[in-house]
Structures are given as C-alpha cells and as structure tokens.
Amino acid sequence: MNLAIERVRLTPVLVADPPLLNTQGVHQPYTPRLIVEVVTADGITGVGETYGDTKYLELARPLARKVTGRRVSDLNGLFRDADEVAVDASRVVGQADVGGLRGVQTAGKLRLSVVSAFEVACLDALGKALGLPVHALLGGKVRDAVEYSAYLFYKWAGHPAGVPSEPDDWGAALDPAGVVEQARKLAGRYGFTSFKLKGGVFPPEEEIAAVRALAGAFPGRPMRLDPNGAWSVETSLRVAEELGDVLEYLEDPALGTPAMAEIAARTGVPLATNMCVTTFAEIPEAFTRGAVQVVLSDHHYWGGLRNTQHLAAVCRAFGVGVSMHSNTHLGISLAAMTHVAATVPDLHHACDSHYPWQSEDVLTERLVFEGGRVAVPDAPGLGVELDRDRLAFLHRRWLDDDGALRDRDDAAAMRAADPAWVTPSVPRW
Ligand SMILES: [Mg+2]
C-alpha cells in the first residue's frame, strides 16, 4: 500500500447563500469555500473543505506543494509543514476574522484553518485505503448519530433587487412571528429540537421577544441566543435576567474574556463562546476566570479533527462543556464534524450547522438530518463522494467572479441595500 501524497488539488468554489443577517451585515449571495483533494500514489482521493477566501487559498497553495510526498498517515508531519509555510503578515495584522465573527485573527489561526482541510482529506484517504470510517481512525464512535440544533437567522426574503443571487423558499424573518415560522419550517423539515437564534441584529428587546416567542412555540426546548459580542456587560446581564428561564446558554453576549468573566460572575445563565476561546492559548485565562461554561469548537480554525478531540479533553478537565460552532459550510465539513463529534464522549449540547441553508453542495448525495440528527457514516473515510460536475459548476462561478465575492464581506453585502452602512462598533447596545 503506497500512502504517499502524489498530488493535491485545490478547488475554490462560490456557493449560494441566503440573505442571513448578523451584527456585521448580511451574508453575500455567494460565499467562497475551498475544496482540498489529496491523491495518493495508489490513486485514492481524500477530500477536505475549509474557508475559501483569498488569504486561505494563498496559504493552501504552498502547503499543497510542501506536503506532496508525505504519507496521508503522517498527520503530525502535515502540521509541521503548515508551521513552515509563511503567512503574509498584511493578511492578518489588524484584520478581524470573517467580519469579526469568530474572534481575533492571527497567522497561527489562519494556518490551522487551512491545514484542517488537509488533515480531513488525509484522514478520508487513509480511511478509504484501510476500509475504515474516519471515526474509527479517531478512536471509534461513542454514538451512532450526532444531534444538531436549528440555526435561526433574521433574514430578508431575498437579496437586494439587482444583485445576482439564487432564490430561496424560507421567506423573511424580521420579527418574532417570522422567527417562529422559520423555526417551525426547520423543525418540520429536519426534526431539530433545540434552537439557536443569531442575534445582534435588532435592539435586545426585540431579540428577547423573539426568543420568548420561540419558547412559547416550543415549550421546554433548549434555546440559545448569539449576538456575536454586540452587547455591553450590563445589557448582557439584563438579557440573561429576562431569558434565564428558557436559555440553555447565552453565546458571546459581550466581546472578550474580561467582559465574559464579569457577566459569568453575575449570572447563573451559562455562557458559550466561539469568539473569546478560539485557540489553545486563549484557554488558560478564560477557564481560570470562569468566563465560559461551553466552548463551541470548530474543526476548521481549531486545526482539524484531532485538535477538536484535544480541546474536548481540556474542556473535560476543567468541567467546561463542549459543542460545535458553524460557519457556512458544505457536506464535506458536515461529515467531518459528524465523525469527530461522534467520538467526543462529553458532548452534551446539540451542534450548530449552517447546512440547511446551503441548497448547493459538491457531493453526489447530501447528508440528511433525521430527528435533528445526522447518522454517523460507517463507510470508509468520510463516507461522502464528490460530484465532479457540481464541483466544476461551482468552481466556474468562482472563476467568473470579478473578485467581489471571493472574500466574504458581510458589511459590503449590506451596503447593497443600505449604502450608508458601516460595521457597527461594539458594544452596539
Ligand atoms: Mg457564535
């Protein structure tokens, strides 16, 4: 068996994205993703997926050259290679990560986000070579299905007039009734039983009313609200007070570990984060100060599936819960999330996933939510297959773009509707 990587194929794509609102602006009509394929000397192909913005692609290209010849089983070597790839400092210094929605950007985080897709692709190829599912390579599944939550967004019915986009059938959700209707559709189509609302869009009173309406429509179900750090400490405490009886947790109500620690000290509502704990280096301060009770891992920026397991172990040692964050992603990443989530013993919260919002994919068969869960694939590797025609179609869209959509910019997308829009400074409320 020759497991050496003979070549790596990088395919940037643009995939349709509905007009989902957040505190920075609105999703663009098409969002970039990068598909990574490693091909072994035996002709086995493994696939991975990560952020597709230019800075990730610029890093993936030299890494692809560097890992050629390395065996797909040599994951530690893969990470050493990534450490040696230079990052253009202008790409990270002073820049917030994806509109500031997932913490501070660093060169290290950028590297991890890229190498994570290579790690997943190597595991997929190794699994195929050995006839084992990825979860088996990670120590074996401890559950047969992984639970996901309904990820609710304030949303326009469509992208602004005149902006090329794909239509969607979700309708608008701009008030409590609209949010409840969206939740009913998501629950009806996919069986979700816990609900997360992306907040930070409207004044807190409106978002409190939306969560109250959800709790009324789905009594006893876990609720989460995530304003991406848009609130002050005092506002966060007020929301915690008003929604404490229905919240499973409040997610990143305020920005940064000191603010989160102050809120945590003054409320019994658990706090979750994918913004103030995004690297191992950020853990000691946050955990020793009791700033967060749940860390939302993301295998992309934590650096892959094994790092996600390491994070879960650290969380377990500190009595901190663990679950999963999601940015816009395709089925390859959902499969990767499902495999690693299946191996984490103390996963006590449903994971987040944008997947229901993505009508387009690069797979021959979409992954399916049943009863809010994705069955853990037992086929070799990730258990997914690339649809080369779809991949080519979405890559063609990327090639045809003049560059305006190749880097996600939610504020720019918002300016198509509101030319005066500037990214709000935080705390916004
Ligand atoms: Mg979040």
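The rules behind the values
Residues numbered from 1 in each chain as written. Predicted model: local features only at pLDDT ≥ 70, side-chain atom pairs only at ≥ 80, totals over all residues. Heavy atoms only, no water. Donors = N, O, S within 2.8 Å, 3.2 Å for Na, K, Ca; no water. Helix = DSSP H or I, 4+ residues; strand = E, 2+ residues; numbered from the N terminus. Pairing = 2+ DSSP bridges. Axes fitted to C-alpha atoms, helices over the stretch in contact; angles between N-to-C directions. Contact = heavy atoms within 4.5 Å. Buried < 20%, exposed > 50% of the residue type's maximum accessible area, 1.4 Å probe, protein only. Right-handed = clockwise from strand over helix to strand, strands pointing away. Parallel < 35°, antiparallel > 145°, perpendicular 65-115°, else oblique. Left-handed = near helix turned anticlockwise from the far one by under 90°. Nonpolar A, V, L, I, M, F, W, Y, C, P; charged D, E, K, R; others polar. Phe/Tyr/Trp six-rings, centres within 6.5 Å; stacked < 30°, edge-to-face > 60°. Lys NZ or Arg CZ within 6 Å of the ring centre and 35° of its normal. Salt bridge = Lys/Arg side-chain N within 4 Å of Asp/Glu carboxyl O.

**Student:** How would you sum up the coordination of the magnesium ion? Please name residues and give values.
**Tutor:** Those protein atoms acting as donors to the magnesium ion are D226 (OD), E251 (OE) and N274 (OD1), and they sit at 2.0 to 2.3 Å. Mapping the donors of the magnesium ion onto the primary sequence gives the spacing D-x24-E-x22-N. Taken together, the residues D226 in strand 9 (residues 223–226) and E251 in strand 10 (residues 247–251) connect sequence positions 25 residues apart.

**Student:** Just give me the short version of the sheet that holds strand 7 (residues 150–153), but keep the residues and values in it.
**Tutor:** Strand order in the open sheet formed by seven strands is 7-8-9-10-11-12-13, and the pairing between neighbours is parallel. Of all strands in the sheet, those with a lone pairing partner are strand 7 and strand 13 (321–324), marking the two edges. This sheet shows a mean twist of 25° between the axes of neighbouring strands, independent of strand direction. With four bridges connecting them, strand 8 (residues 195–198) and strand 9 associate as parallel partners. Bridge pairing in strand 9 places K198 opposite D226. Those strands touched by helix 7 (residues 233–243) are strand 9 and strand 10, and its axis lies near 170° from that of strand 10.

**Student:** Describe the pairing of strand 9, listing the residues and the values that go with them.
**Tutor:** Of the two faces of strand 9, the one holding M223 and L225 and the one holding R224 and D226 are both buried throughout. Taken together, strand 8, helix 6 (residues 204–217) and strand 9 form a β-α-β motif whose crossover is right-handed. As judged from the three bridges shared by strand 9 and strand 10, these two strands associate in the parallel manner. By the bridge assignment for strand 10, M223 is matched with L247. Handedness of the crossover joining strand 9 and strand 10 through helix 7 is recorded here as right-handed.

**Student:** Break down the packing of helix 1 (residues 54–67) against helix 3 (residues 107–130) for me, with residues and values.
**Tutor:** Relative to each other, helix 1 and helix 3 sit at 55°, their axes nearing to 9 Å. Considered as vectors, helix 1 and helix 3 are oriented oblique to each other. Helix 3 is crossed by helix 1, and the crossing has right-handed handedness. Together, K55, Y56, L59, A60, L63, A64 and V67 of helix 1 and L110, R111, S113, V114, V115 and F118 of helix 3 make up the contact between the two elements. Looking at the contact of helix 1 with helix 3 residue by residue, the class counts come to ten nonpolar, one polar and two charged.

**Student:** Which residues make up the packing of aromatic side chains, and what are the values?
**Tutor:** According to the stated counting rule, one finds 13 aromatic pairs in the structure shown. Arranged with centres 6.1 Å apart and planes meeting at 85°, the rings of F153 and W357 form a pair that is edge-to-face. Of this pair, F153 sits in strand 7 while W357 sits in the loop between helix 12 (331–342) and strand 14 (373–375), placing them 204 residues apart in sequence. Overall, F153 belongs to the buried group, its relative accessible area being 1%. Accessibility expressed as a relative area gives 3% for W357, which makes it buried. Judged by centre distance (5.7 Å) and plane angle (45°), the ring pair of Y190 and F192 falls under tilted. Of the two residues, Y190 and F192, both sit in the buried class. Among the aromatic residues, those joined into a ring-pair cluster are Y148, Y190, F192, Y355 and F369. We note R184 situated over the ring of F218; from NZ or CZ to the ring centre the distance is 5.7 Å. Sitting over the ring of W398, R406 keeps its end group 3.7 Å from the ring centre.

**Student:** So what's going on with the pattern of salt bridges? Which residues, and what values?
**Tutor:** Inspection of every chain in the model, using the stated rule, returns 30 salt bridges. Of the charged contacts, one joins K66 and E84 as a salt bridge, the two residues approaching to 3.2 Å between their closest N and O atoms. Pair noted here: K66 is in helix 1 and E84 is in helix 2 (residues 75–84), with a separation of 18 residues, a long-range link. The exposure class of K66 is partly exposed, given its relative accessible area of 35%. The class for E84 is exposed, based on a relative accessible area of 55%. Of the charged contacts in the structure, one is a salt bridge between R316 and D346, with a shortest N-O distance of 3.5 Å. Of the two residues, R316 sits in helix 11 (residues 305–318) while D346 sits in the loop between helix 12 and strand 14, which places them 30 residues apart along the sequence. Using a relative accessible area of 45% as the deciding quantity, one classes R316 as partly exposed. You can call D346 partly exposed: its relative accessible area is 28%. One salt-bridge network, held together by shared partners, links K196, K198, R224, D226, E248, E251 and D352.

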